[in-house]
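The lines below spell out each chain.
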Amino acid sequence: GAGDRHVQTFAKDGSTDEAGEVLSISPAARRKAFEKVELPEVINLNVGGTLLTTTRTTLQRDPRSKLAFMFSGDVPMVRDGDGRFCIDRDGRTFHHVLNFLRDASAPI
């Protein structure tokens, strides 16, 4: 149902099932997944296929926001083939979020 949660089991060999779901992860990979990641100041984003560039400072402007958490370096982030950080949102409107974080003005 809507409240169900998917739980993955981790073992030694990093194997996957036929659907490509990760069944296990090595202890070294698990440690690496929880290490703090050093993020660059200039951040290249792929937001729903729209390519945007901003700064880590802008993304962390509101320390209570999900973006600040995502770009804290404390959580692993998905990257596309060109190394851009992926955010699964509507890229056509995401620039409004960035502009609000930059200068606290909402679109008219």
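Residues numbered from 1 in each chain as written. Predicted model: local features only at pLDDT ≥ 70, side-chain atom pairs only at ≥ 80, totals over all residues. Heavy atoms only, no water.

Overview of the sheet that holds strand E1 (residues 42-47)
At step 1: Pairing in this open sheet of three strands is mixed, and the strands run E2-E1-E3 from one edge to the other. Each of the sheet's edge strands pairs with one partner strand only, and the pair in question is strand E2 (50-55) and strand E3 (85-87). Averaged over all pairs of adjacent strands, the angle between strand axes in this sheet comes to 35 degrees, irrespective of strand direction.
At step 2: Where E1 meets E3, three bridges bridge the pair, whose relative direction is parallel. Opposite Val-47, over in E3, you have Ile-87 as the bridge partner.
At step 3: Seen against the sheet, helix H4 (residues 91-103) touches E1, E2 and E3 and runs at an angle of roughly 10 degrees to E2. (Pairing = 2+ DSSP bridges. Helix = DSSP H or I, 4+ residues; strand = E, 2+ residues; numbered from the N terminus. Axes fitted to C-alpha atoms, helices over the stretch in contact; angles between N-to-C directions. Contact = heavy atoms within 4.5 Å.)

Points about the pattern of salt bridges
At step 1: With the rule as written, the count across this model stands at five salt bridges.
At step 2: A salt bridge links Arg-84 to Asp-80; the nearest nitrogen and oxygen atoms lie 3.5 Å apart.
At step 3: On the accessibility criterion, Arg-84 (21% relative accessible area) is partly exposed.
At step 4: Of the charged contacts, one joins Arg-92 and Asp-90 as a salt bridge, the two residues approaching to 3.1 Å between their closest N and O atoms.
At step 5: Take Arg-92: its relative accessible area is 64%, and that puts it in the exposed class.
At step 6: Taken together, the salt bridges that share partners define one network made up of Asp-80, Asp-82 and Arg-84. (Salt bridge = Lys/Arg side-chain N within 4 Å of Asp/Glu carboxyl O. Buried < 20%, exposed > 50% of the residue type's maximum accessible area, 1.4 Å probe, protein only.)

Some points on the pairing of E2
At step 1: Taken together, the six bridges between E1 and E2 define a ladder with antiparallel strand orientation. Looking at E2, one finds that Asn-46 is bridged to Leu-51.
At step 2: Between E1 and E2, which pair antiparallel in sequence order, lie two residues; one of them, Gly-48, sits at a positive phi of approximately 55 degrees.

Purely geometric numbers; function is a separate question.
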